Amino acid sequence: MSKILGIGNCVLDIILSINDYPAEDSEVRANKKTLQVGGNVANTLYALSQLKHEVAICTTFATDDQAKWITKTLQERGINTEFTQKFIQGATPTSYINLSQSNGSRTIVHYRDLPEVSFDFFAKIEIEDFDWLHFEGRNLEHLPGMLNIAKTFLTHQPISLEVEKDRIGIDAILTQANVIFFSHHFAKQRGFKDGAECLKAMRQAAPQAHLICTWGENGAWFSSPNQTVNHHPAQQIKVIDSLGAGDVFNAGVINALAAGKALAYAVKDGSDLAARKCQQIGLDNLLAPLAVKKPIANFKQLSNAKTLVVKALGQKHGVVLIKYEDEVRAYVNNCPHQDVPLTEAYKIDVNPFEKTMKCSVHDAFFKIDDGECVEGPCLNDYLQSLEVTLEENGDIYLND
Ligand code: FRU
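Residues numbered from 1 in each chain as written. Predicted model: local features only at pLDDT ≥ 70, side-chain atom pairs only at ≥ 80, totals over all residues. Heavy atoms only, no water.

- Looking up the protein chain in an unreviewed UniProt entry gives the name Rieske domain-containing protein, with the organism given as Thiosulfativibrio zosterae.

What follows is the structure in structure tokens.
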């Protein structure tokens, strides 16, 4: 277990889950809206906290309600918030994120007007109390000074630096870190075609450090001082949510290096943890075994003329499935009339010509397409519809 201080931004992430990334100037419906604490260092520290490190964040907070919520959430995540600088001017930084459910891509629009941590504030922290310092490579007005005092006062504690974007003055501080994470965004901004090219070039600016360049599904490149550049391939997985994957990768690497592992093993650990993260929504329970989702049925079992009622987690009376044209419709097996299963008295009768189905209790007829009651005691009420995913092999999954 190490004591780790992370220095960077804390953000309110407003995440909209959408089927596919929308075209410009279009209007689409989101399937879900989630609020999360984000920011690269905050995400990395949350993963490190799950890896059983004692972690603290040095960041800035506004004085609005969102900042209160973020503070509380960070503390629930095991992140010490005592080194936070408060500002009256500016609001909690916000990211508006479109999370595409078709490929797990996350598109971030970020807004901030809150000042970043000042050198004077950082200088008052007893950094000698920590075993590791991890910096976001931003705030270049104050970062060089912070790295300078860290280098001056720390004798053996490693300093890691995350370089996500190219920023004026970034090259000059690279000599101050022991581990540097370059993102593929940075590499692309500099015109490098892959991580190997990026690290070979950046080696001149940082001869002393472990260098890593991550490139999503293309894996990660890495090199130690005086060593050649190596590559670690990414696991072939179905990506559900890539938001914060790079931050989690950094946590996996820091965790391994802090335990004395060699860089190649640390990069493998980072990649494995990032792959684990990408297969779930959010950053909770990263160390728990991945919940294996089971299909609730297969398309081949469905017909337009009768319903199939299947069991599903969290659905007391099961889920009513029926084919509608070439699609699947899924409803909670519960009649809005009297809160009883549609199958309480008998099976659900289907009229494929009228495209309706009938509750067995009081003969309410519902449209198969959208579950609206078109005849019977709960006229114009709706069955509760459920989102499902139909895979190419016909397997049907209940969405979260
Ligand atoms: C993910 C992330 C988000 C945040 C954004 C800030 O890496 O940290 O949580 O909104 O990037 O750039």
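## Remarks on unusual backbone geometry
- With phi around 60°, Asn226 is a residue other than glycine that occupies positive phi space.
- Take Asn226: it is sitting in the loop between strand E12 (220–223) and strand E13 (230–232).
- The class of Asn226 is exposed, set by a relative accessible area of 78%.
- Positive phi values are uncommon outside glycine, yet Asn380 reaches one of about 70°. (Helix = DSSP H or I, 4+ residues; strand = E, 2+ residues; numbered from the N terminus. Buried < 20%, exposed > 50% of the residue type's maximum accessible area, 1.4 Å probe, protein only.)

## Here's the deal with the pairing of strand E1 (residues 3–7)
- When you tally the buried positions in E1, you get 4 out of 5 residues, the bulk of the element.
- Two elements, E1 and strand E4 (residues 54–61), share 5 bridges in a ladder whose sense is parallel. The residue of E4 that forms the bridge with Ile4 is Val55.
- Where E1 meets strand E8 (residues 132–136), 4 bridges bridge the pair, whose relative direction is parallel. Each residue of the ladder has a partner; that of Leu5, found in E8, is Leu133. (Pairing = 2+ DSSP bridges.)

## Remarks on the UniProt feature "domain: Rieske" (unreviewed entry) in the protein chain
- The UniProt record annotates "domain: Rieske" (unreviewed entry) at residues 294–378.
- Summarising residues 294–378: 0% helix, 41% strand, and an end-to-end C-alpha distance of 34 Å. (UniProt positions renumbered as here; feature names shortened; annotations may be inferred.)

## Some details on the nonpolar core
- The biggest cluster of nonpolar side chains holds 41 residues, and the ones touching the most others in it are Leu5, Phe122, Leu133, Phe135, Ile180, Phe182 and Cys198.
- Counting residues per element, this core draws most heavily on helix H4 (residues 143–153), which supplies 5 residues.
- If we ignore the near neighbours within four places in the chain, the residues touching Cys198 are Phe182, Phe186, Ala187, Phe192 and Cys213.
- Formed by 39 residues, the second largest nonpolar core is a distinct cluster that contains Cys10, Val37, Phe61 and Leu74. (Core = buried A, V, L, I, M, F, W, Y, C linked by side-chain atoms within 4.5 Å. Contact = heavy atoms within 4.5 Å.)

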